[in-house]
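# Topology and contacts: notes
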Amino acid sequence: MKKLLILLLVIYPFILSAQQSVKFEDLGSKPLYVLDGKIIESLKSVNSYNLETVQIFKGKEATEKYGEAAKNGVIIMTSKPSTSVPSRESLDPRVTEVWEIKAPVITPGKNAGDAPSDAIVLFDGKDLSKWSSSSGANPSWELKDGAVTVVKGSGEIKTKQEFGDIQLHIEWRSPSAGEGEGQNRGNSGIFFQGLYELQVLDSYENQTYSNGQAGSIYKQHIPLVNASRKPGEWQVYDVVFTAPRFSETSGRTIAPAYITVFHNGVIIQNHVPIAGSTQYKGLPVYKVHGKGPIALQDHGTPVSYRNIWVREL
Ligand code: MG
């Protein structure tokens with residue numbers, strides 16, 4: 001009864017404007033209730049404050065619409081369209097589950113630094129068949145004891161295969177003698193796409209310009225920390241390289257290259273943008289290019305490399 005009174009208060013303005021100016025009390029004791037096109041037993045299911053329209057019919061007009069059941073009149077109500085946002089608790093978690101797309105299954109390396117099953121092994125310590133000199137000839141670097149070592153004056157070596165976005169694992173060692181100072185001590189370098197140098201240098205207690213030390217993106221980015229081991233010890237770079245993107249029509253640089261580097265397990269470059277190809281003098285520049293090789297620098301000191309593998313991304 002209380003609910004009926006509340007409903008009467010709420011629908012009173014509707015009653016005033018309803019067809020034929022029918023008054024609610026004219027309808028008799030048992031009018032038919034219709035909410036959103038459905039006959040309802042009582043007003044219990046009606047949210048009085050959520051009604052948008054209320055129409056009242058009686059007599060012939062009512063029975064023409066709803067038959068004998070409406071002999072005492074009919075109240076036709078419609079609800080306001082729902083504008084409320086469903087609560088998070090009411091949502092179905094399955095809607096946001098992805099099952100159709102599967103991540104490829106690979107076998108990771110047995111030990112840290114071992115190549116996973118989907119890696120391209122560029123150098124496993126046995127041969128340099130995946131490499132050439134800059135002229136395309138067989139490399140003349142020294143292959144010994146599972147490592148390959150720079151032969152001064154022989155020039156860089158580069159992969160025969162060209163790459164875009166990659167994950168690279170590479171291990172390197174500066175000469176144990178620790179001879180020379182600054183840039184002349186255990187200097188080499190890893191050039192991504194043959195253009196962008198990640199510096200290799202003996203930076204253990206060896207001062208040089210900071211953006212030229214081990215782990216720098218040469219003359220562009222200083223490493224976050226100096227995680228260098230002593231000369232003569234093997235060191236590791238794990239790298240994620242994202243190639244630059246160029247417009248096919250205008251040749252403009254759409255996105256620079258990005259590089260992330262871990263040095264002996266420590267992050268030293270955190271997704272830094274590369275400003276252009278490495279330059280010894282002047283500012284870096286971009287020129288449009290496609291995929292490119294990984295090149296290892298001959299800077300005149302016998303730096304060694306081993307366990308080199310890459311994953312195309
Ligand atoms: Mg270098």
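Residues numbered from 1 in each chain as written. Predicted model: local features only at pLDDT ≥ 70, side-chain atom pairs only at ≥ 80, totals over all residues.

### Here we look at the overall build of the protein
A count of helical and extended segments in the protein gives two helices and 19 strands. Here the protein has a C-alpha radius of gyration of 38 Å; the compact-globule value for 313 residues is 20 Å, and the former is much larger. Each principal axis of the C-alpha distribution contributes one length, and for the protein these read about 110 × 40 × 40 Å. Buried positions account for 29% of the 313 residues belonging to the protein. Long-range contacts, defined here as pairs at least 24 residues apart, represent 63% of the contacts in the protein between residues at least 6 apart. (Helix = DSSP H or I, 4+ residues; strand = E, 2+ residues; numbered from the N terminus. Rg over C-alpha atoms; globule rule 2.2 N^0.38 Å. Buried ≥ 20, exposed ≤ 12 C-beta atoms within 10 Å, placed from the backbone. Contact = placed C-beta atoms within 7 Å.)

### Describing the pairing of strand 13 (residues 235-242)
Side-chain alternation along strand 13 places Q235, Y237, V239 and F241 on a buried face and V236, D238, V240 and T242 on a face that remains uncovered. Where strand 10 (residues 166-173) meets strand 13, seven bridges bridge the pair, whose relative direction is antiparallel. Following the sheet pairing, I166 is matched in strand 13 by F241. With six bridges connecting them, strand 13 and strand 16 (residues 257-263) associate as antiparallel partners. Along strand 16, the bridge assignment pairs F241 with I259. (Pairing = 2+ DSSP bridges.)

### Considering unusual backbone geometry
At Q193, a position not held by glycine, the phi torsion is positive, near 55°. With respect to the helices, strands and loops of the structure, Q193 is situated in the loop between strand 11 (188-192) and strand 12 (196-200). Even without being a glycine, N307 presents a positive backbone phi close to 45°. The topology assignment puts N307 in strand 19 (residues 304-312).

### Observations concerning the sheet that holds strand 2 (residues 38-40)
In a beta sheet, neighbouring strands pair by backbone hydrogen bonds and run either parallel or antiparallel. Overall, mixed pairing links the four strands, which are arranged 2-1-4-3 in an open sheet. Two strands bound the open sheet, and with one partner strand each, they are strand 2 and strand 3 (51-57). Looking at each pair of strands side by side, their axes are set apart by 25° on average, direction ignored. Where strand 1 (residues 32-35) meets strand 4 (residues 74-79), four bridges bridge the pair, whose relative direction is parallel. Each bridged residue has a counterpart across the sheet, and for Y33 the counterpart in strand 4 is I75. (Axes fitted to C-alpha atoms, helices over the stretch in contact; angles between N-to-C directions.)

### Thoughts on the sheet that holds strand 18 (residues 295-296)
Taken in spatial order, the five strands make up an open sheet running 6-9-18-11-12, and their pairing is antiparallel. The open sheet terminates on both sides in strands that have one partner only, identified here as strand 6 (131-133) and strand 12.

### A few points about the environment of W172
If you trace the backbone, W172 turns up in strand 10. For W172, a count of 23 C-beta atoms within 10 Å corresponds to the buried category.

### Side note on the confidence of the model for the protein
Taken as a whole, the protein shows an average pLDDT of 92; of its residues, 91% reach a score of 70 or greater. Across the protein, element-level confidence peaks in strand 16 with a mean pLDDT of 99 and bottoms out in helix 1 (residues 2-17) with 51. Low confidence marks residues 13-22, where pLDDT is under 50. Its contacts with residues over four positions away, or in another chain, come to eleven contacts. (pLDDT = per-residue confidence, 0-100.)

### Topic: the environment of E142
Checked against the element boundaries, E142 lands in strand 7 (residues 142-144). For E142 and P302, which are 160 residues apart along the polypeptide, the C-alpha to C-alpha distance reads 9.3 Å. Those residues in contact with E142 that sit more than four places away from it in its chain are V148, T149 and V151.

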